[in-house]
Structure formats: C-alpha cells, structure tokens
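Structural overview
The chain contents come next:
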Amino acid sequence: MKIFFSEYQSDYTTYTFGYTAYCVKEPKDAFAEIYDKGFLPFTGEQKIKATIFYMARSLRVDLSRFEDTSENRRVSRKVSDLGLSFQIFRKEDFDQTDPTFRKICLDYAAIRFVGNEMTEARLDYVLSRETTTHILEYRSHNRVFGYIFVCLDEEILHYWFAFFDVQLMESHPIGKWMMWSAIDWAKQNGRKYVYLGTAYNKKSLYKIRDFKGVEYFDGSGWNPDTNQLKNLCKTDELPRDIDRFKEQTSFEF
C-alpha cells in the first residue's frame with residue numbers, strides 16, 4: 001500500500017499543522033491489513049479511479065469479545081413481527097439495475113444522508129468500487145425492505161452503506177437490527193472484526209453502547225476504552241482552536 005499525506009490547515013499561533021492521511025490500495029494488499037491501520041474507503045470524489053482510503057477515528061467490533069447484549073435482544077423482539085431474513089450476494093451476481101433496489105437506496109439516502117449526497121451517479125460509483133464486494137438483501141416475508149453494501153474477505157466485514165424502507169423507521173428499529181445481524185453473521189462465519197465506519201459526534205454513541213467488543217482507532221492503534229471514546233464523541237462539536245494533544249494538562253510518554 002502507498003500512504004500519503006495531504007496538507008490541510010496551519011496555525012502558527014499554536015503550532016498546529018494539519019495533514020490528512022490517505023492510502024492507495026495496491027493489487028497485493030489485503031483489505032484486512034488496510035482496515036487494521038485505521039483506514040476507511042473514500043468515495044467523495046467520483047473522478048478517482050484508484051482504490052483510496054482515508055484515516056479516521058474508526059470503529060470496529062472484536063468478534064472474539066462480541067456477545068449479545070440486553071439491547072440487542074430488545075431490538076430483536078421489537079422487529080420479530082416482521083419475519084426478517086437476509087441473503088448475501090457477491091456484487092457481480094446482484095442485479096444493480098433492479099428498480100426496487102435503486103429506489104430503496106436513493107429514497108433512504110435523500111432523507112438520512114448528511115453531507116455528501118447519494119445521487120444516482122454516486123450510487124453507481126460506490127457500486128463500482130473494489131471495496132463493495134457483497135450486497136446483503138433484507139426481506140420481510142415476500143417484500144424487500146433493505147440493503148447493506150459490505151467489504152468482505154476471510155478476516156473482516158466492513159458494514160459500509162446501509163439503506164432500508166423509510167416507512168418502517170418510525171415503527172421498528174430496523175437500522176439497529178440490520179447492523180446487529182451483520183455482526184452476528186460475521187462472528188458465526190469465522191471473521192475476526194466487523195468495521196462500523198467512523199465514530200464522531202453524539203450520533204455515533206449508539207454503536208458504542210449497543211455492541212460488546214467495540215474498540216476505536218485513536219491514531220496509533222486500536223483502543224478498547226469505550227468511556228474515553230464516549231467522551232470524545234460528546235465533545236467533538238465543541239469549538240477547538242488547538243488539537244487534543246495540546247489540550248492536555250499533563251503529559252506522560
């Protein structure tokens with residue numbers, strides 16, 4: 001893999017200089033190795049043809065420590081009347097032109113996505129990426145109600161983009177159940193880790209609270225201190241003139 005840094009902002013008054021870390025996947029690279037270094041796939045620029053990853057405070061579940069919580073069981077009871085099931089398709093075996101598939105993805109994204117919107121063009125771009133290896137299709141009886149795009153290999157599953165029928169959002173905790181089901185499947189099928197995207201702001205707290213075995217990438221390695229992570233998320237939106245290192249009152253190395 002090729003790692004490079006892109007210069008961001010500078011502030012001489014506090015000696016704060018920002019560089020963003022990226023990674024270019026090379027043919028010999030394993031997905032598990034790249035994710036383990038704290039990188040997540042980047043799809044913010046559709047002109048990019050290479051498989052690019054960005055470094056972030058990402059979240060993963062160590063499946064050796066994962067087991068159901070009372071919240072997981074509560075969610076399962078809440079959705080039990082739907083008769084939920086899912087099937088895993090290799091991307092190349094899935095009909096990406098299916099109108100139901102595209103409508104569910106685009107309708108959900110129009111309501112729930114914040115920031116980089118999911119247009120039809122971006123949907124096709126994400127589907128074309130090497131990091132979209134499989135699609136999980138969720139059904140309730142004879143009705144399709146959702147999809148998850150995942151990156152799956154012999155060691156990891158990355159729960160990347162999720163879409164589901166927005167009409168069910170108010171009556172059932174569909175999103176939580178879909179995430180749990182993917183994690184549970186990965187554990188039952190011998191994977192080591194499930195990656196759950198970034199962990200910033202209070203909106204990420206549900207992922208931290210709901211699942212056992214959670215750890216986060218802190219810039220140096222994988223940190224299992226969820227109390228510290230919760231505090232980080234709760235203060236992410238506060239104004240900040242310096243980086244967190246300089247905010248410390250004591251320094252131990």
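Some details on the packing of helix H2 (residues 70-79) against helix H5 (residues 174-188)
- Contact geometry for H2 and H5: axes closest at 9 Å, N-to-C directions at 120°. What the angle tells us is that H2 and H5 run oblique. H2 and H5 meet at a crossing whose hand is left-handed. Of H5, the residues touching H2 (which contributes Glu71, Asn72, Val75, Ser76 and Val79) are Ile174, Lys176, Trp177 and Trp180.
- When grouped by side-chain class, the residues that make up the contact of H2 with H5 number 5 nonpolar, 2 polar and 2 charged.

A look at the pattern of salt bridges
- As enumerated under the stated definition, the model contains 22 salt bridges in all.
- Here Arg60 ties to Asp36 by a salt bridge, and the two come within 2.9 Å at their closest N and O atoms. Here Asp36 lies in helix H1 (residues 31-36) and Arg60 lies in strand S5 (residues 58-62), a separation of 24 residues in the sequence.
- A relative accessible area of 4% means that Arg60 is categorised as buried.
- The exposure class of Asp36 is partly exposed, given its relative accessible area of 37%.
- Between Glu137 and Arg139 there is a salt bridge, and its shortest N-O distance comes to 3.2 Å.

Brief notes about the state of the cysteines
- Overall, the coordinates contain 0 disulfides when judged by the stated rule.
- Just so you know, Cys105 is unpaired, no disulfide at all, and the nearest cysteine sulfur is the one on Cys151, 17 Å from it.
- Of the residues examined, Cys105 reaches a relative accessible area of 0% and is grouped as buried.

Observations regarding the packing of aromatic side chains
- Applying the stated criterion to the full structure yields 27 aromatic pairs.
- Relative to Phe42, the ring of Tyr22 lies with its centre 6.2 Å away and its plane at 75°, an arrangement referred to as edge-to-face. Taken together, the residues span a long stretch of sequence, with Tyr22 in strand S2 (residues 16-24) and Phe42 in the loop between strand S3 (39-41) and strand S4 (52-55) at a distance of 20 residues.
- Taking relative accessible area as the criterion, Phe42 reaches 26% and is therefore assigned partly exposed.
- Between the aromatic rings of Trp177 and Trp180, the centroid separation amounts to 6.1 Å while the plane-to-plane angle is 45°, which identifies the pairing as tilted. One end of the pair is Trp177 and the other is Trp180, both in helix H5 and 3 residues apart, which spans about a single turn.
- Through pairs of rings, three or more aromatic residues link up here, namely Phe89, Phe94, Phe101, Tyr108, Phe113, Tyr147, Phe149, Trp160, Phe161, Phe163 and Phe164.

Digging into the environment of Thr119
- Relative to the helices and strands, Thr119 is located in the loop between helix H3 (99-112) and helix H4 (120-128).
- With relative accessibility at 30%, the residue Thr119 sits in the partly exposed group.
- Expressed as a C-alpha distance, the spacing of Thr119 and Leu106, which sit 13 residues apart in the sequence, is 7.1 Å.
- Residues within four places of Thr119 in sequence aside, it is in contact with Gln46 and Leu106.
- Only 3.1 Å separates the side chain of Thr119 from the backbone nitrogen of Arg122, close enough to count as a polar contact.

Conventions and cut-offs
Residues numbered from 1 in each chain as written. Predicted model: local features only at pLDDT ≥ 70, side-chain atom pairs only at ≥ 80, totals over all residues. Heavy atoms only, no water. Axes fitted to C-alpha atoms, helices over the stretch in contact; angles between N-to-C directions. Helix = DSSP H or I, 4+ residues; strand = E, 2+ residues; numbered from the N terminus. Parallel < 35°, antiparallel > 145°, perpendicular 65-115°, else oblique. Left-handed = near helix turned anticlockwise from the far one by under 90°. Contact = heavy atoms within 4.5 Å. Nonpolar A, V, L, I, M, F, W, Y, C, P; charged D, E, K, R; others polar. Salt bridge = Lys/Arg side-chain N within 4 Å of Asp/Glu carboxyl O. Buried < 20%, exposed > 50% of the residue type's maximum accessible area, 1.4 Å probe, protein only. Disulfide = S-S within 2.5 Å. Phe/Tyr/Trp six-rings, centres within 6.5 Å; stacked < 30°, edge-to-face > 60°. Polar contact = N/O pair within 3.5 Å; in protein donor to acceptor, adjacent residues only side chain to side chain.

From the geometry alone we can't say anything about function, so treat these as descriptive.
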